[in-house]
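Single-letter residue listing:
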Amino acid sequence: MRHRIDPELTRRARALRNNPTPAEQAVWQRIARYRPAFTRQLVVSPFIIDLACRKARLGVEFDGSQHAEQVEADARRTAFLSRKGWRIIRLWNSDVLGNPDGAVLHILAEAAECLGGTHPQPLPSREGRSRGACRR
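Since the structure is predicted, the reported quantities are computational estimates derived from the model, not experimental observations.

Each value, and the rule that gives it
Residues numbered from 1 in each chain as written. Predicted model: local features only at pLDDT ≥ 70, side-chain atom pairs only at ≥ 80, totals over all residues. Heavy atoms only, no water. Phe/Tyr/Trp six-rings, centres within 6.5 Å; stacked < 30°, edge-to-face > 60°. Helix = DSSP H or I, 4+ residues; strand = E, 2+ residues; numbered from the N terminus. Buried < 20%, exposed > 50% of the residue type's maximum accessible area, 1.4 Å probe, protein only. Core = buried A, V, L, I, M, F, W, Y, C linked by side-chain atoms within 4.5 Å. Contact = heavy atoms within 4.5 Å. Axes fitted to C-alpha atoms, helices over the stretch in contact; angles between N-to-C directions. Left-handed = near helix turned anticlockwise from the far one by under 90°. Nonpolar A, V, L, I, M, F, W, Y, C, P; charged D, E, K, R; others polar. Salt bridge = Lys/Arg side-chain N within 4 Å of Asp/Glu carboxyl O.

Enquirer: It is not clear to me how the packing of aromatic side chains should be interpreted in this structure. Could you clarify?
Expert: Two descriptors summarise a pair of aromatic rings, namely the distance from one centre to the other and the angle between the planes of the rings. Evaluated as defined, the whole model comprises one aromatic pair. Taking 5.4 Å as the distance between ring centres and 65° as the angle between the ring planes, the aromatic pair formed by Phe47 and Phe80 counts as edge-to-face. With Phe47 in strand β2 (residues 47-53) and Phe80 in helix α3 (residues 71-83), this pair connects stretches of sequence that are 33 residues apart.

Below, the structure is given as structure tokens:
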């Protein structure tokens, strides 16, 4: 039986999801409740995107100091994912940890732009409704 996604990539993504970096954890605690939904460690073979919004086709990569030496590899990865229709943004772990709320606002603004300017979290379903008699 042939798998759609390489089982090894799935295993690695699961391991990464279960052991997030402090930057990933700080953002996830703040962004998990927003809509459209975000997901962690999304496999887009042969890569794993740290944080992704499928609906907006936005990928977020959290880069640590090791990425300063991987500039060419990161550029190839970003180009590959761009050809697949993904917009990739990169955030330095130190910047995220220094201002996690700002990082989340930046991610949400990028998602809104990818979605054509719609707000990434719509109003609650009852917002703006007047209180009146229930209709039965």
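Enquirer: Would you take a moment to explain unusual backbone geometry for this structure?
Expert: Here the bond from Arg35 into Pro36 is cis, since omega is 5°, no more than 30 degrees from zero. Structurally, Pro36 is set in the loop between α2 (22-31) and β1 (39-44). In this structure, the amide linkage connecting Ser45 to the following residue, Pro46, adopts the cis form with an omega of 10°. Of note, Pro46 is situated in the loop between β1 and β2. A positive phi is found at Gln41, a non-glycine position, where the angle reads about 50°. Structurally, Gln41 is set in strand β1. Using a relative accessible area of 4% as the deciding quantity, one classes Gln41 as buried. Positive phi, close to 55°, is recorded for Arg57, a residue that is not glycine. Mapped onto the elements, Arg57 comes out in the loop between β2 and β3 (58-63).

Enquirer: Can you walk me through the nonpolar core in this structure?
Expert: Among soluble globular proteins, nonpolar side chains are generally buried collectively. Membership of the largest hydrophobic core comes to 19 residues, with the highest contact counts inside it found for Val27, Ile31, Phe38, Leu51, Phe62 and Ile107. Contributing elements (two or more residues each) for this core: α2, β2, β3, β4 (87-92) and α5 (100-114). The residues touching Phe38, leaving out its near neighbours within four places in the chain, are Trp28, Ile31, Leu51, Ala52, Cys53, Ile107, Leu108 and Ala111. By size, the runner-up hydrophobic cluster in this structure holds seven residues, among which are Val44, Ala52, Leu81 and Ile88.

Enquirer: What is the right way to read the packing of α2 against α5 from this model?
Expert: Between α2 and α5, the shortest axis-to-axis distance is 9 Å and the interhelical angle comes to 65°. Viewed along their axes, α2 and α5 form a crossing whose handedness is right-handed. Along the contact surface, α2 presents Ala26, Val27, Arg30 and Ile31, while α5 presents Pro100, Asp101, Ala103, Val104, Ile107 and Leu108. When its residues are assigned to classes, the contact of α2 with α5 shows eight nonpolar, no polar and two charged.

Enquirer: Please clarify how the pattern of salt bridges should be interpreted in this entry.
Expert: As a working rule, side chains carrying opposite charge can pair if their charged atoms are close by. Considering all chains together, one arrives at seven salt bridges under this definition. A salt bridge links Arg30 to Asp101; the shortest N-O distance between them is 2.7 Å. Linking Arg30 in helix α2 with Asp101 in helix α5, this pair joins segments that are 71 residues apart in sequence. For Arg30, a relative accessible area of 26% corresponds to the partly exposed category. Arg87 serves as the salt-bridge partner of Glu113, at 3.1 Å between the closest nitrogen and oxygen.

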